[in-house]
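# Chains, contacts and geometry: an overview
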Amino acid sequence: MEVATEAEKAEVGRRIKAARAYAGLTSAKALADKIDDVGYSREAIVKWETGNYKRGLGRTRLETIARACGLSVIFFALDFSPLSELDADEQRILDRRLRRTDSPSEEEEPGSQTEEGG
């Protein structure tokens with residue numbers, strides 16, 4: 001899958017992050033460690049997740065990431081356009097939840113409840 005525009009790169013990055021979160025991988029390093037046999041570094045994954053790369057990722061890389069996260073590569077091609085229609089508050093909540101897969105939230109104390117309730 002060749003990625004051309006900044007918006008497309010940002011979307012692929014969000015999907016990589018979402019796939020990683022789905023798999024319970026809490027950092028780019030955790031994903032890199034899981035796919036270590038193909039040689040993708042933490043730095044490369046961070047670039048992909050942030051859309052900070054020049055060449056398209058290609059189907060092979062996306063398949064590797066999807067497989068490591070227990071998903072089909074189709075995940076990267078599905079139309080999630082309703083997500084782009086979130087209002088500002090909903091987008092902040094989604095972004096905060098996705099950031100939690102990168103590092104512990106500074107907003108939460110250990111043992112505190114999440115926004116999902118509980």
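Here, every reference points to the structure presented above.
Presented here is a report on the structure given in the accompanying data block.

Rules behind the numbers
- In this convention, every chain numbers its residues from 1, walking through the sequence in written order.
- Side-chain atom pairs in this predicted model are given and counted only at pLDDT of 80 or more, local residue features only at pLDDT of at least 70, and totals for whole chains, interfaces and linings cover all residues.
- With hydrogens and water excluded, all non-hydrogen atoms of the structure serve as input to the side-chain values.
- Secondary structure counts use DSSP, requiring at least four H or I residues in a row for a helix and at least two E residues in a row for a strand, with both numbered from the N terminus.
- The classification of residues rests on relative accessible area computed with a 1.4 Å probe and restricted to protein chains. Under 20% of the type maximum is buried, over 50% is exposed, and intermediate values are partly exposed.
- Residue contacts are counted whenever heavy atoms from the two residues lie within 4.5 Å of one another.
- Using a 1.4 Å probe, the Shrake-Rupley method yields the accessible areas, and only the shown protein chains count as cover for residues.
- Any pair of Phe, Tyr and Trp rings, taking the six-membered ring for Trp, is counted once the centres come within 6.5 Å. Such a pair is stacked with planes under 30 degrees apart, edge-to-face with planes over 60 apart, and tilted for the rest.
- For this document, the term salt bridge refers to a Lys or Arg side-chain nitrogen within 4 Å of an Asp or Glu carboxyl oxygen.

## Digging into the overall build of the protein chain
Across its full length, the protein chain holds six helices and zero strands. The helix and strand sequence of the protein chain, counted from the amino end, reads α-α-α-α-α-α. In the protein chain, which comprises 118 residues, the share counted as buried stands at 30%. By sequence separation, contacts in the protein chain at least 24 residues apart represent 59% of the contacts at least 6 residues apart. Carbon together with sulfur atoms contributes 51% to the accessible area of the protein chain, which is approximately 7,600 Å² in total.

## Remarks on the packing of aromatic side chains
In this structure the tally under the stated criterion is two aromatic pairs. With centroids separated by 5.2 Å and ring planes inclined at 80 degrees, the aromatic side chains of Y40 and W48 adopt a geometry described as edge-to-face. The same class applies to Y40 and to W48, which are both buried. Aromatic pair F75 and F76: ring centres 5.4 Å apart, planes at 75 degrees, arrangement edge-to-face. You'll find F75 and F76 in the same group, each marked buried.

## A short note on the pattern of salt bridges
Applying the stated criterion across every chain, the model contains seven salt bridges. As a salt-bridge pair, E6 and K9 come within 3.2 Å of each other at their nearest N and O atoms. Of this pair, E6 and K9 both sit in helix α1 (residues 6-22), three residues apart, which is roughly one turn of the helix. A residue is classified by how much of its surface remains accessible, and E6, at 56% relative accessible area, is exposed. The salt bridge partner of R14 is E11, with a shortest N-O separation of 2.8 Å.

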